[in-house]
Amino acid sequence: THTPGPWKVSLKDDTVVVDANGAEVAMIDGDYNHPPTWPIMEANARLIAAAPDLLDALADMVSMYVRIAESGDCGFWDPEKDDEVIAARAAIAKARGEI
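Residues numbered from 1 in each chain as written. Predicted model: local features only at pLDDT ≥ 70, side-chain atom pairs only at ≥ 80, totals over all residues. Heavy atoms only, no water.

1. Digging into the overall build of the protein
Turning to step 1, where the next piece is worked out: Tallying secondary structure elements over the protein gives 2 helices and 3 strands in all.
Turning to step 2, where the next piece is worked out: Along the protein, from the amino end to the carboxyl end, the secondary structure elements read β-β-β-α-α.
Turning to step 3, where the next piece is worked out: Taking 99 residues into account, the globule formula puts the C-alpha radius of gyration at 13 Å, and the protein, at 18 Å, lies well above it.
Turning to step 4, where the next piece is worked out: With the principal axes as the frame, the protein shows a C-alpha extent of 55 × 30 × 25 Å.
Turning to step 5, where the next piece is worked out: Within the protein, buried positions represent 24% of all 99 residues.
Turning to step 6, where the next piece is worked out: Of the contacts made within the protein by residues no fewer than 6 positions apart, 34% connect residues no fewer than 24 positions apart. (Helix = DSSP H or I, 4+ residues; strand = E, 2+ residues; numbered from the N terminus. Rg over C-alpha atoms; globule rule 2.2 N^0.38 Å. Buried < 20%, exposed > 50% of the residue type's maximum accessible area, 1.4 Å probe, protein only. Contact = heavy atoms within 4.5 Å.)

Here it is in structure tokens:
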């Protein structure tokens, strides 16, 4: 399992991601002497900081999507053959280290 969220970009360094206790989770490596790369480094830090929330949201959405399909309200539809459900489950498994 990963370090529990929430994660956020550090107030001290916007290329460092910290957990709720302020412990470092990730640091973006890059050329600090080349200012044009700073926005990319900062964007990468924001994306990493959002990872636990994105993972939880995606897992919840797939569960809801499958529950709706299984309820019969969508007519005949098999979520196990749905490309979006398959892709979402693969992303979740990748994030959890299952594949």
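2. Brief notes about the sheet that holds strand E2 (residues 16-18)
Turning to step 1, where the next piece is worked out: Pairing is antiparallel in the open sheet, where 3 strands are placed in the order E1-E2-E3. Two strands close off the open sheet at either side, each with one partner strand: strand E1 (8-9) and strand E3 (24-27).
Turning to step 2, where the next piece is worked out: One ladder, built from 3 bridges, connects E2 with E3; its direction is antiparallel. Note that in E3 the partner of Val18 across the bridge is Glu24. (Pairing = 2+ DSSP bridges.)

3. Observations concerning the confidence of the model for the protein
Turning to step 1, where the next piece is worked out: Averaged over the protein, the pLDDT score is 89; the fraction of residues at 70 or greater is 98%.
Turning to step 2, where the next piece is worked out: Within the protein, the lowest mean pLDDT, 89, falls on helix H2 (residues 83-95), and the highest, 97, falls on E2. (pLDDT = per-residue confidence, 0-100.)

4. Describing a nonpolar patch on the surface
Turning to step 1, where the next piece is worked out: A cluster of nonpolar side chains, Met27, Tyr32 and Trp38, forms an exposed patch at the surface whose accessible area comes to about 320 Å².
Turning to step 2, where the next piece is worked out: Mapped onto the elements, Tyr32 comes out in the loop between E3 and helix H1 (38-71).
Turning to step 3, where the next piece is worked out: On the basis of relative accessibility, which here comes to 36%, the residue Tyr32 falls in the partly exposed class. (Patch = residues over 30% accessible without salt bridge, like charges linked within 9 Å, V, L, I, M, F, W, Y side chains within 5 Å. Areas by Shrake-Rupley, 256 points an atom, 1.4 Å probe, with all protein chains shown as cover. Salt bridge = Lys/Arg side-chain N within 4 Å of Asp/Glu carboxyl O.)

5. Things to note about H2
Turning to step 1, where the next piece is worked out: Counted at 1.5 Å a residue, the expected span for H2 with its 13 residues is 18 Å, and the 18 Å between its end C-alpha atoms agrees.
Turning to step 2, where the next piece is worked out: Of all the positions in H2, only Val85, Ala88, Ile92 and Ala93 are classed as buried. Looking straight down H2, one finds its buried side chains confined to an arc of 135°; they lie on one side. Seen from the open side of H2, the exposed residues pointing more than 90 degrees away from its buried face are Asp83 and Lys94.
Turning to step 3, where the next piece is worked out: Residues of H2 that are buried sit in contact with H1. (Expected span 1.5 Å × (residues − 1). Arc of directions from axis to C-beta.)

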